[in-house]
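Residue-level listing of the chains:
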Amino acid sequence: MSANRPAAVVVLAAGEGTRMKSKTPKVLHEIAGRSLVGHVVSAARELEPEHLVVVVGHAREQVKGHLDAHYAGTRTAVQEEQNGTGHAVRMALEELGEAPDGTVVVVCGDTPLLSGETLRALADTHAADGNAVTVLTAEVPDSTGYGRIVRDAGGAVTEIVEHKDASVEQLAIREINSGVFAFDGKLLAEAIGQLRTDNSQGEEYLTDVLSILRGAGHRVGASVAGDHREILGINNRVQLAEARGLLNQRLLERAMMAGVTVVDPASVLVDVTVTFEADAVILPGTQLHGATHIAEDAVVGPNTRLTDVTVGRGARVDNSVAFSASVGEGASVGPYAYLRPGTNLGKKSKAGTYVEMKNATIGEGTKVPHLSYVGDATIGEYSNIGAASVFVNYDGEAKHHTTIGSHCRTGSDNMFVAPITIGDGAYTAAGSVITKDVPAGSLAVARGQQRNIEGWVARKRPGSAAAQAAQAAQAAAGESAGES
């Protein structure tokens, strides 16, 4: 635990976000597998604060429900009316019940690129410099529209000047305010009580706390973010997409630096919860979501989408889609396979071209090569399922299970009508509809005897192209027989 552990982190997430033009609250929009507020809460948790309070307002029940479901232990404070950032912090302090004794970090709930490392640097700078307030700032290429940071000769922050109020000299300043602060908790509580609403918006501004504390003789300092992009806030869908791209780039660079090969980072998407082992290979057009894990020497892609999937060492997943599935060591999937929840492929097994599986356990070395559906089934080791096979698991009301043993060979175009069991070493003939259990070592044949009805086409489809072709073939056969 850090010696500079904050007394509290306050996340401001009460705004409506009208520019998103969405029925979803702005802070619940997602990038890289987490909501915007979820990214901020995750970064804040890296500080191990004594208290973590999220201020909610617009769609409060929805936001609170999301936090309760995914970030247990997070407290919420309600801002009934959006009366400014200062008022929002006031609501958070009231939720805490008393002025925090220690550092209070205030962050915005729409800054998903903000890292725990940057927040830690802010808290450390705040403690080391003995500031009453420390502002997180950033040096940006273009500071148009941002509040400028004005410092004195000693480096202390004297004021934050909004763009519209800046002088010509101040407009040239590239250091800007991020809206993220570290406060002395006791001093913050005192200053919050002095905020006024005599401004154009009629709101309580948190930035006014800086001038209040500086006027009382306290020092205001700054901590400069290493990457200015971390402080980017999200206000519309364009910025949401831009942040997604930046975060994706960060995640892939981290993976590549850890030994993962990403052939074309521009075409690969990953969530923050995806994990890799060194020497995994990710091919173009791949999307990895949720709690997906790619093991050593596995090759995933191209054009593959995995969600909550574990891919074992040396496995191959090609042009396929999978959800909540497990691909064993050295197994092969695709191309064009679909693994649905509950699918578990054993070591060196195969789910081949145009194969769909659901709630299926496939044993080591077993192959389902192509054009088949395997649902609600258990297949043993080193069996082979013929092409165009269907595990008929649904009777219209309930699902039923099929069990196929080890070292079985089932023919092409088989229907396995569950519930049935096929014993170890058994065979089934091509074109069979298997409705009864097959004993170990047996051959099951379940198909009608072929019967040819001579002249049917000529009688039933006279004058058709088929009838004409048949007549010509028969005539040719007759001539051939005459010649012989």
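Worth saying up front: this structure is predicted, and the values here are computed from it rather than measured.

Trainee: Outline the layout of surface pockets, supporting the account with residue identities and numerical values.
Mentor: Taken as a whole, the second largest pocket encloses approximately 380 Å³ of empty space. Where the lining of the second largest pocket is concerned, the elements lending two or more residues are helix H1 (36–45), helix H4 (116–129), helix H8 (237–257) and strand S14 (275–276). Here the lining of the second largest pocket takes five residues from H8, the largest share from any one element. Partitioning the lining of the second largest pocket into residue classes produces eleven nonpolar, five polar and six charged.

Trainee: Before we move on, could you go through the pattern of salt bridges and cite the residues and values that matter?
Mentor: Here the structure, examined in full by the defined rule, presents 13 salt bridges. Between Arg90 and Glu204 there is a salt bridge, with the nearest N and O atoms lying 2.7 Å from each other. Here Arg90 is found in helix H3 (residues 85–96), whereas its partner Glu204 is found in the loop between helix H6 (185–192) and helix H7 (208–215), with 114 residues between them in sequence. Exposure remark for Arg90: the relative accessible area of 21% places this residue in the partly exposed category. Here Asp227 and Arg229 are joined by a salt bridge, their closest N and O atoms 3.0 Å apart. Judged by its relative accessible area of 33%, Arg229 is partly exposed.

Trainee: Lay out the pairing of strand S9 (residues 157–161) in plain terms, naming residues and giving numbers.
Mentor: As judged from the four bridges shared by strand S8 (residues 148–151) and S9, these two strands associate in the antiparallel manner. Paired with Arg151 across the bridge in S9 is Val157. Here S8 folds back onto S9, and the loop between the two strands holds five residues, one of which, Gly155, carries a positive phi near 90°.

Trainee: Outline a negative patch on the surface, supporting the account with residue identities and numerical values.
Mentor: Together, Glu277, Asp279, Glu296 and Asp297 make up a region of like negative charge exposed at the surface. Within the secondary structure layout, Glu277 lies in the loop between S14 and strand S15 (281–282).

Trainee: Please give an account of unusual backbone geometry that cites residues and values.
Mentor: In this chain, Gly301 is followed by Pro302 through a cis amide linkage whose omega measures 5°. For Pro302, the location among the structural elements is in the loop between strand S18 (299–300) and strand S19 (305–307). Here the residue pair Gly334 and Pro335 is connected by a cis peptide bond, since its omega of 5° sits within 30 degrees of zero. Of note, Pro335 is situated in the loop between strand S24 (332–333) and strand S25 (338–339). Located in the positive-phi region is Glu48, a residue other than glycine, with phi close to 50°.

Trainee: Go over the pairing of strand S11 (residues 220–224) with me, naming the residues and quoting the values.
Mentor: Here S11 lies mainly inside the structure; four of its five residues are buried. Bridging between strand S7 (residues 133–139) and S11 involves five bridges; their strand directions are parallel. Of the residues in S11, the one forming a bridge with Leu136 is Ser223.

Trainee: How would you explain the environment of Glu479 if you had to name every residue and give the values?
Mentor: Mapped onto the elements of the fold, Glu479 is located in helix H10 (residues 465–483). Judged by its relative accessible area of 55%, Glu479 is exposed. C-alpha of Glu479 to C-alpha of Gly448: the two residues are 31 residues apart in sequence and 34 Å apart in space.

Basis of the calculations
The residue numbering used here restarts from 1 in each chain and proceeds along that chain's sequence as written. pLDDT decides what is reported in this predicted model: residues at 70 or higher carry local features, side-chain atom pairs at 80 or more are listed and counted, and totals for whole chains, interfaces and linings draw on all residues regardless. Note that the side-chain values use all heavy atoms of the structure and ignore hydrogens as well as water. In this analysis the probe radius is 1.4 Å and the grid spacing 1 Å, with only protein atoms considered; a cavity is a set of points the probe fits into but cannot get out of, a pocket is an open set with protein on both sides within 12 Å along at least five of seven lines, and lining residues have an atom within 4 Å of a point. Grid points are joined across faces, edges and corners, and a volume is the space filled by probe spheres set on the points. Each helix corresponds to a stretch of at least 4 residues labelled H or I by DSSP, and each strand to a stretch of at least 2 residues labelled E; elements are numbered beginning at the N terminus. Gly falls in the polar group here, along with every residue not listed as nonpolar (Ala, Val, Leu, Ile, Met, Phe, Trp, Tyr, Cys, Pro) or charged (Asp, Glu, Lys, Arg). The working definition used for a salt bridge is a side-chain nitrogen of Lys or Arg within 4 Å of a carboxyl oxygen of Asp or Glu. Buried means the residue's accessible area, taken with a 1.4 Å probe over protein chains only, is under 20% of the maximum for its type, while exposed means over 50%, and partly exposed covers the values in between. Two strands form a pair only when DSSP identifies at least two bridges running between them. A patch is a set of surface residues, each over 30% in relative accessible area and not in a salt bridge, joined within 9 Å for like charges and within 5 Å for the nonpolar side chains Val, Leu, Ile, Met, Phe, Trp and Tyr. Note on areas: these come from Shrake-Rupley sampling with a 1.4 Å probe, and a residue is covered only by the protein chains present in the view. The convention is simple: Lys and Arg are positive, Asp and Glu are negative, and His and the chain ends are not counted. A single reference atom marks each charge: NZ on Lys, CZ on Arg, CG on Asp, CD on Glu.

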